[in-house]
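Breakdown of the fold
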Amino acid sequence: MALLNILHFPDPRLRTVAKPVSEFDENLKQLVSDMFETMYEAPGIGLAATQVDRHIRLLVMDVSETRNQPRCLINPVILSAEGEEEMDEGCLSVPGFYEKVRRADRIRVSTQDVDGVSSEFEAEGIEAVCIQHEMDHLDGKLFVDYLSNLKRNRIRSKLVKQQKQKSS
Ligand code: K1U
Ligand code: ZN
């Protein structure tokens, strides 16, 4: 098990579009295990492979209050989306900032598990929001992209300043 380094906005690597997972091998299982450890330690309710500089279509999440309902989605696809929900979102790649984002409230998702077995399920509320947020990461998109240019640029400047202070 290992903790992975989480990339921070505005790192350009967060803009990479992830490629489908094609090999369901031991390396994939190790990455999934390391991503869960990193997500729980952060702590976060989700983590996309993009955020740890692995550009494959893989995300992990656990939106339960008890933090014991891990879920891993590989090559996820949103088959349908309904309703609207506006929720405060945070992001481990944009630490310290929470902003409202409007997203679909109910989604139907197809996915594969670590062995490559396919399934479909429905999600709503925070689970649906988290899946959409993490799937955005796999397409190189961040929640700050839904904000005004002014807000996004303010967040960028503050994070760049913090990163410079840390490295000096
Ligand atoms: O993708 C990420 O960076 C993780 C992010 C996921 C997310 C949060 C809120 C709405 C949608 C998606 C986080 O987990 S930020 C941290 C957070 O929200 C949280 C952490 C611990 C307990 C409860 C919430
Ligand atoms: Zn995020």
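The notes below deal with the structure included here. (Residues numbered from 1 in each chain as written. Chains lettered and ligands numbered in written order. Predicted model: local features only at pLDDT ≥ 70, side-chain atom pairs only at ≥ 80, totals over all residues. Heavy atoms only, no water.)

1. Comments concerning the pairing of strand 7 (residues 118-124)
To be explicit about the condition: In this analysis, strands are considered paired if DSSP registers two or more bridges between them. Numbering of helices and strands runs from the N terminus, with a helix taken as a DSSP run of H or I at least four residues long and a strand as a DSSP run of E at least two residues long.
For strand 6 (residues 106-112) and strand 7, the ladder comprises seven bridges, and the chain directions are antiparallel. Each residue of the ladder has a partner; that of T111, found in strand 7, is S119. As consecutive antiparallel partners, strand 6 and strand 7 are separated by five residues, and within that stretch G116 has a phi angle of approximately 90°, a positive value.

2. Observations regarding the coordination of the zinc ion (ligand 2)
Each pair of donors in an ideal octahedron of six around a metal sits at 90 or 180 degrees, and each pair in an ideal tetrahedron of four sits at 109.5 degrees. Test applied: Listed donors are limited to N, O and S atoms within 2.8 Å of the metal, widened to 3.2 Å for Na, K and Ca; water is not among them, so incomplete-looking sites are possible. For every residue, the accessible area (1.4 Å probe, protein chains only) is compared with the maximum for its type, and the residue is labelled buried under 20%, exposed over 50%, or partly exposed between those bounds.
At the metal site, the zinc ion (ligand 2) is ligated by C91 (SG), H133 (NE2) and H137 (NE2), and these contacts range over 2.0 to 2.3 Å. By relative accessible area, which is 9% here, C91 ends up buried. Relative accessible area serves as the criterion here: at 0%, H137 is assigned to the buried category.

3. Looking at empty space enclosed by the protein
Here is the rule we go by: Points on a 1 Å grid over protein atoms alone make up a cavity when a 1.4 Å probe fits among them but cannot get out, and a pocket when they form an open set with protein on both sides within 12 Å along at least five of seven lines; lining residues each have an atom within 4 Å of a point. Grid points are joined across faces, edges and corners, and a volume is the space filled by probe spheres set on the points. By the convention adopted, Pro, Cys, Tyr, Trp, Phe, Met, Ile, Leu, Val and Ala count as nonpolar, Lys, Arg, Asp and Glu as charged, and the other residues, Gly among them, as polar.
Applying the stated criterion to the full structure yields one cavity of 30 Å³ or more. Computed from the structure, the largest cavity encloses a volume of approximately 30 Å³. Together, H8, P95, L159, Q162, Q163 and K166 line the largest cavity. In terms of residue class, the lining of the largest cavity is built from two nonpolar, three polar and one charged.

4. What to know about helix 1 (residues 26-41)
So the rule is basically this: The length a helix should cover is 1.5 Å for every residue beyond the first. Contacts: residue pairs with any heavy atoms within 4.5 Å of one another. Distance and chemistry together define a polar contact, namely a pair of N or O atoms within 3.5 Å, with one atom able to donate a hydrogen and the other to accept it when in protein, and with adjacent residues in sequence counting only for side-chain atoms on both sides.
Look at helix 1: 23 Å from first C-alpha to last across 16 residues, which is about the 22 Å you get at 1.5 Å a residue. Taken as a whole, helix 1 has its buried residues at L28, L31, V32, D34, M35, F36, T38 and M39. Buried residues along helix 1 sit against strand 1 (46-48), strand 2 (58-61) and strand 3 (71-82). The N-cap residue of helix 1 is D25: its side-chain oxygen and the backbone nitrogen of N27 are 3.3 Å apart.

5. Points about the pairing of strand 6
The element strand 6 is largely enclosed, with a buried count of five among its seven residues. As judged from the six bridges shared by strand 3 and strand 6, these two strands associate in the antiparallel manner. Looking at strand 6, one finds that A81 is bridged to I107.

6. Brief notes about the pattern of salt bridges
Worth spelling out the cut-off: In what follows, salt bridge is the name for a side-chain nitrogen of Lys or Arg lying within 4 Å of a carboxyl oxygen of Asp or Glu.
Applying the stated criterion across every chain yields a total of 16 salt bridges. Notably, a salt bridge pairs R103 with D136, separated by 3.0 Å at the nearest N-O pair. With R103 in strand 5 (residues 99-103) and D136 in helix 2 (residues 125-138), this residue pair connects regions lying 33 residues apart in the sequence. Side by side, R103 and D136 carry an identical accessibility label, which is buried.

7. Quick look at the nonpolar core
The cut-off we apply is this: Grouping buried Ala, Val, Leu, Ile, Met, Phe, Trp, Tyr and Cys residues that are joined through side-chain atoms within 4.5 Å yields what is termed a nonpolar core.
Core analysis: the biggest nonpolar cluster contains 16 residues, and M35, L47, L58, V60 and C72 have the highest contact counts within it. When residues of this core are traced back to their parent elements, those giving at least two are helix 1, strand 2 and strand 3. Broken down by element, this core gets its largest block of residues, six residues, from helix 1. Sequence-distant contacts of L58, defined by excluding residues within four places in its chain, comprise L28, L31, V32, M35, A48, A49, C72, L73, I74 and L138.

8. Examining the side chain of S93
Of note, S93 is situated in the loop between strand 4 (85-89) and strand 5. The class for S93 is buried, based on a relative accessible area of 0%. Reaching out from S93, the side chain makes a polar contact with the backbone oxygen of L7 at a distance of 2.9 Å. Once residues lying within four places of it in the same chain are set aside, the contact partners of S93 are I6, L7, H8, F9, L14, Q51 and H137.

9. Concerning the site of ligand 1
Cut-off, in case you're wondering: Definition of nearness: a residue and a molecule or strand are near each other if at least one heavy atom of the residue lies within 4 Å of the molecule or strand. To measure how exposed things are, a 1.4 Å probe is used in the Shrake-Rupley method; for residues, cover is taken only from the protein chains shown. Think of it this way: a molecule belongs to a cavity or pocket when more than half its atoms come within 2 Å of the grid points there.
Of all residues adjacent to ligand 1, which total 14 residues, the nearest are I45, G46, Q51, L92 and E134. In this structure, an oxygen atom belonging to ligand 1 sits 2.7 Å away from a main-chain N or O atom of I45. Relative to its unbound accessible surface of 530 Å², ligand 1 loses 81% to contact with the protein. Assessed atom by atom at 2 Å from the grid points, ligand 1 resides in the largest pocket. For the shell around ligand 1, the element with the most residues is helix 2, which contributes four residues.

Shape is all these values report; function is a separate question.
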